[in-house]
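Read off the chains here:
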Amino acid sequence: AKGRYIARMDAHAVYGKDYLKNCLEVMEATKADNVGGPALSLPSSKTAMAHSIVLAHLSPFGLGGGTFRNPNAEGWVETVWPGFYRREVFEKVGYLTFSVPRAEDIEFNARAREAGFKIYLSPKIKSYYYCRDTLKKIWIQRWSDGVSIARILKINPKAPRLRHFIPLIFISSLLLLSALALISAPPGSISLTSLKGLNLFNLSNVSNSIGLAATRLLLLELLAYFSAMLLAVIQAGKTKFTVYSSKFENVTGQDGNQPQPVNNLTVNGQTVNGKQENSTLNGQTVNCPLTRLRASKQPDPTPNVPTVNGKRSFGSLALLPVVFVTLHFSYGLGSLWGLISLPLFVNRKLENR
């Protein structure tokens, strides 16, 4: 890269046709060193599970309510997704580290802030994130996120914040209390028939039994967790939201017609087969993507303006508790494993050149 500005553009995403233009305008207006827009969530498929996962991303209970996930947020922040930088940021603080599979942007932006660079978030900058659409995919993703955020402690201990470790604290406390309840409780004291007599809100005799105390605390913690989850589901059912669509069928041009794929492309008066990714013309290879827009009147097929109503069906709301549990437990267990394996983790920072 030889320019004055460097844009990082992630996969699983699409960008508004004026994305770079708006990044530059916001940067020059604010004098920031890194700018970005909210990560507007998109479903990767039309299933109820995919829409439920989008709802979880929109809920503060789902992913912790990061500022860059708020579609209307604006101002100075700790990090943005994915980022539009002044070149001097990299020249001064180095490059992103590739020794962790995820969360490298959190670590890099922490270094940038420590060096005195400022980061600005603006809703004018439109970028759209495709959420994973199955429980298996989000488990793998969030497990990796948890492992990475723990290992970043070895690379840059100042980068993570307390909110990044809330799932770790929650999962660790559940495991610890469960172990204490099983090991220390008197025989039969934690059977299902005895739960009624635990008297959860009376902790006056905690010292009598570590096992009973651990059982009470465990049940209280689970009660608080599922109560908060219920409130989050109710809030998701009430909240009006928009799903941004990048599908051609949801986009119309200025003439009211939808963009159509082109079977054949004319180049210098000669016809090239548009169905082939590459065709030969006068001995030279011409790149012909499988889908092209027929006329210049048609808009860029990125979801810059067109929207469709958010699909908040009974099925998507019913699946939301399962999605929440998957998000929290995968991230928390991943963070725990990241901490356990931290002594074995070898930090391989990319050297500056």
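Looking at an unreviewed UniProt entry, one finds the protein chain named Glycosyltransferase, with candidate division TA06 bacterium as its source organism.

Visitor: Quick rundown of helix 8 (residues 210–238)? Include the residues and the values.
Guide: Each α-helix winds once per 3.6 residues, and so residues spaced three or four apart point in a common direction. Here helix 8 contains 29 residues, and its C-alpha end-to-end distance of 42 Å stays within 8% of the 42 Å for a straight helix at 1.5 Å per residue. Of all the residues in helix 8, the buried ones are G211, A213, A214, T215, R216, L218, E221, Y225, M229, A232, V233 and A236.

Visitor: Explain the pattern of salt bridges to me, using residue names and the numbers behind them.
Guide: Within this structure, the stated rule accounts for 14 salt bridges. Close ionic contact of R111 with E107 constitutes a salt bridge, the shortest N to O distance being 2.8 Å. With a gap of 4 residues between them, R111 and E107 both fall in helix 5 (residues 104–114), about one helical turn apart. Owing to a relative accessible area of 15%, R111 belongs among the buried residues under this scheme. Ionic pairing is found between R142 and D145, a salt bridge with its closest N-O pair at 3.1 Å. With R142 and D145 both in helix 6 (residues 135–155) and 3 residues apart, the pair spans about one turn of that helix. Relative accessible area serves as the criterion here: at 15%, D145 is assigned to the buried category. Salt bridges here are not isolated pairs; linked through shared partners, they connect R8, D10 and E104.

Visitor: Please set out the UniProt feature "transmembrane region" (unreviewed entry) in the protein chain residue by residue, giving values where relevant.
Guide: The sites that UniProt annotates as "transmembrane region" (unreviewed entry) are residues 165–190, 210–234 and 317–340. Across residues 210–234 one finds 100% helix and 0% strand; the C-alpha atoms that close the span lie 36 Å apart. End C-alpha atoms of residues 317–340 are separated by 35 Å, and the span's content is 100% helix alongside 0% strand.

What counts as what
- Residues numbered from 1 in each chain as written.
- Predicted model: local features only at pLDDT ≥ 70, side-chain atom pairs only at ≥ 80, totals over all residues.
- Heavy atoms only, no water.
- Helix = DSSP H or I, 4+ residues; strand = E, 2+ residues; numbered from the N terminus.
- Expected span 1.5 Å × (residues − 1).
- Buried < 20%, exposed > 50% of the residue type's maximum accessible area, 1.4 Å probe, protein only.
- Salt bridge = Lys/Arg side-chain N within 4 Å of Asp/Glu carboxyl O.
- UniProt positions renumbered as here; feature names shortened; annotations may be inferred.

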